[in-house]
Amino acid sequence: MTWYKPADVGFATRSKMADIGYAARLFFRLLVSFVPTFRRFGLVRDQMHFLGNYSLAIIAVSGLFVGFVFGLQGYYTLIRYGSSEALGLLVTLTLVRELGPVVTALLFAGRAGTSLTAEIGLMKAGEQISVMEMMAVDPIQRVLAPRFWGGVVVMPLLAAVFSATGVIGGWVVGVLMIGVDAGSFWSQIQGGVDVWQDVGNGILKSIVFGLTVTFIAVYQGFEAQATPEGVASATTRTVVVASLAVLGLDFILTAMMFTI
Amino acid sequence: MAHNTSESLVELRRVTFGYGERVILDDVSLSVPRGKVTALMGASGGGKTTIMRLIGGQNRAQTGQMLFDGQDVTTMDQPHLYAARRRMGMLFQFGALFADLSVFDNVAFPLREHTDLSEDMVYDIVLMKLNAVGLRGARDMMPNALSGGMARRVALARAIALDPELVMYDEPFSGIDPISVGTSAKLIRQLNDSMGLTSMFVSHEIEQTFAIADHVIILANGKVAAQGTPQEVLHSTDPLVYQYVNALSEGPVRFHYPAVTVEDDFGDVADPSSQQFGVSR
């Protein structure tokens, strides 16, 4: 068993605290960069296209298959209680409240978060960040902020696509394949889903996850060691840290948002 | 900003800098004459690139003053530092072009970031700068399609896009073919004279460097070993400078990095079986 000297523990604690402090300052700087970033909308638009458009296929396909599975499992469970007409409501609430924001954030961390980290890390390794600083251009404002806000904007949109395709998936399995009544399927959704309580909180969740995942991705890229190994491990850290953060935050948000 | 009229555009006064325990620059004082081409030479890891990073404020001197046009870069806050950097251009060792931008957009980058010029004017300026480095025809190429020498020339066009007063080149001759070395050396001299710049470059290429430089500084062991005109440095009697400019393997700079004795590492090397490994005392 390894015993650490108090000085080592103190040094490690101090370093970790300094890292957290630096990350908090960077997060604050990105938040206050909102106005100047959107003044140059072209930069944000390019990132929205890059992050959103290229994640669209994986999000839509995943949403559809999750909807298929929910249609099937939901039907098997509901039929035991003779309430299969509530299938649409079950699928929609689960997607809009939970799975839409959470699974989208996890997929986004894997698809777009990694590419953000790798791109910024490679810019650092190739001295592009240094050259920008030498040109008196702030890399946080020019490189990090458009990517950060691009990610924050597209996350709720992707979550909406995920939930929508998921509902269609549930409809295909439940109504078209199993034969649940289409009128019941849609009317239960219409009557049971509250715009503010369910959809609104789902959107709020996906905005929080967008801030979290995109910040972790740009932070890991910006702080990556400027070597191939450094970029590789930063990319891995993005997926691990972002996924855990999303799952942890989801529990906290759910506890705060939804009560009986 | 009030401009200083002293002979030196850059001046290091008793600057010390290091990473942790390792001292890179130890009480170094030197100056870069205004309007001249200055070469910074010395063994690898000797602090040449560090001096450029200190001038650009990317590293801060631990003690001493780092003056750019009479103002101490070490104590500048970010707005003043950025204002000073706008008067400098730096060419990184491998060009550091933005990989997602074309040659044209790379050169236009500082103009678009720092000026409100119309796209027509940006177009004219970029083509003029690219023409100066001989790459007007490569404007639409992407960085990954350029050779190492071309990438550095594009980076040079970008570095001079805002007409800086000081241009710093980090090893502009390393890793490129002899034709590109000659072209780059000629360019450094031509641009310095035609644009009224002050140029500073790090190099190990003795012949080309001494041919174009007005002022040469040789660093060794964290200190300035020699500085003066190429002729003065070439005829220096300092053993370290002599070893460096004549590319000798024997001299004050030793082949072996400091280590424990050979006996301590290998045991008794008198044993004939040890000789096959080429162990020398």
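Heads up: these notes are all about the structure in this document. It should be emphasised that the depicted structure is a prediction, and the values quoted were computed from it without experimental measurement.

Criteria and thresholds
Residues numbered from 1 in each chain as written. Chains lettered and ligands numbered in written order. Predicted model: local features only at pLDDT ≥ 70, side-chain atom pairs only at ≥ 80, totals over all residues. Helix = DSSP H or I, 4+ residues; strand = E, 2+ residues; numbered from the N terminus. Buried ≥ 20, exposed ≤ 12 C-beta atoms within 10 Å, placed from the backbone. Pairing = 2+ DSSP bridges. Contact = placed C-beta atoms within 7 Å. Axes fitted to C-alpha atoms, helices over the stretch in contact; angles between N-to-C directions. Nonpolar A, V, L, I, M, F, W, Y, C, P; charged D, E, K, R; others polar. Left-handed = near helix turned anticlockwise from the far one by under 90°. Core = buried A, V, L, I, M, F, W, Y, C linked by C-beta atoms within 7 Å.

### Comments concerning the overall build of chain B
Then, number 1: A count of helices and strands for chain B gives eleven helices and ten strands.
Then, number 2: By principal-axis analysis of the C-alpha atoms, chain B measures approximately 80 × 40 × 35 Å.
Then, number 3: Sorting the 281 residues of chain B into buried and exposed places 39% on the buried side.

### What about the sheet that holds strand E2 (residues 22-33) of chain B?
Sheets are built from strands that pair by backbone hydrogen bonding, the pairs being arranged parallel or antiparallel.
Residue and element names in this part refer to chain B.
Then, number 1: Taken together, four strands build an open sheet; the order of strands is E2-E1-E4-E5 and the sheet is antiparallel. The open sheet has two free edges, formed respectively by E2 and strand E5 (71-72), since each of these has just one partner strand.
Then, number 2: The sheet contacts of helix H1 (residues 48-55) involve strand E1 (8-19), E2 and strand E4 (63-68), and relative to E1 the element is tilted by about 115°.

### As for the sheet that holds strand E3 (residues 37-42) of chain B
Residues and elements named next belong to chain B.
Then, number 1: Sheet architecture is open: six strands sit in the order E6-E7-E8-E3-E9-E10, paired in mixed fashion. One side of each edge strand has no neighbouring strand; the edge strands of this open sheet are strand E6 (88-91) and strand E10 (223-228). Across this sheet, the average inter-strand angle for adjacent strands is 15°, counted without regard to direction.
Then, number 2: Where E6 and strand E7 (residues 166-170) come together, four bridges link them in parallel fashion. By the bridge assignment, Leu-91 is partnered in E7 with Tyr-169.
Then, number 3: Seen against the sheet, helix H5 (residues 148-159) touches E6 and E7 and runs at an angle of roughly 170° to E6.

### Structural notes on the interface of chain A and chain B
Then, number 1: Contacts between chain A and chain B engage ten residues on the former and twelve residues on the latter.
Then, number 2: Residues belonging to the side of chain A that touches chain B are distributed by class as follows: five nonpolar, three polar and two charged.

### Some words on the environment of Ala61(B)
Residue and element names in this part refer to chain B.
Then, number 1: Tracing the sequence through the fold places Ala-61 in the loop between H1 and E4.
Then, number 2: Overall, the presence of 23 C-beta atoms within 10 Å leaves Ala-61 in the buried class.
Then, number 3: For the pair Ala-61 and Arg-14, spaced 47 residues apart in sequence, the C-alpha to C-alpha distance is 9.6 Å.

### A look at the packing of helix H4 (residues 87-125) of chain A against helix H6 (residues 139-178) of chain A
Residues and elements named next belong to chain A.
Then, number 1: Put simply, H4 and H6 touch, their axes get as near as 7 Å, and they point 145° apart. Once H4 is placed against H6, the crossing between them reads as right-handed.
Then, number 2: Partitioning the contact of H4 with H6 into residue classes produces 19 nonpolar, nine polar and one charged.

### Some thoughts on unusual backbone geometry
Then, number 1: A positive phi angle is found at Ala136(A), which is not glycine, with a value near 65°.
Then, number 2: Inspection of the secondary structure assignment puts Ala136(A) in the loop between helix H5 (128-134) and H6.
Then, number 3: Despite not being glycine, Arg14(B) has its phi angle at roughly 50°, a positive value.
Then, number 4: Positionally, Arg14(B) belongs in strand E1.

### What about the nonpolar core?
Then, number 1: Within the largest apolar cluster, 136 residues are counted, with the highest numbers of intra-cluster contacts made by Met168(B) and Ile218(B).
Then, number 2: Considering every element that reaches this core, the biggest residue donor is H4(A), with 17 residues.
Then, number 3: Excluding anything up to four places from it in sequence, Met168(B) contacts Met52(B), Ile55(B), Met88(B), Met90(B), Leu91(B) and Met200(B).

### Details of the environment of Gly202(A)
Residues and elements named next belong to chain A.
Then, number 1: When you line up the elements, Gly-202 lands in helix H8 (residues 195-222).
Then, number 2: Judged by C-beta crowding, with 25 C-beta atoms within 10 Å, Gly-202 ranks as buried.
Then, number 3: Remark: the alpha-carbon pair of Gly-202 and Gly-100, spanning 102 residues in sequence, is separated by 7.6 Å.

### Things to note about the environment of Pro143(B)
Residues and elements named next belong to chain B.
Then, number 1: Looking at the secondary structure, you find Pro-143 in the loop between helix H4 (119-132) and H5.
Then, number 2: On the basis of neighbour counts, which here come to 20 C-beta atoms within 10 Å, the residue Pro-143 falls in the buried class.
Then, number 3: Spatially, the C-alpha atoms of Pro-143 and Ala-99 are 5.8 Å apart, while their sequence positions differ by 44 residues.

From the geometry alone we can't say anything about function, so treat these as descriptive.
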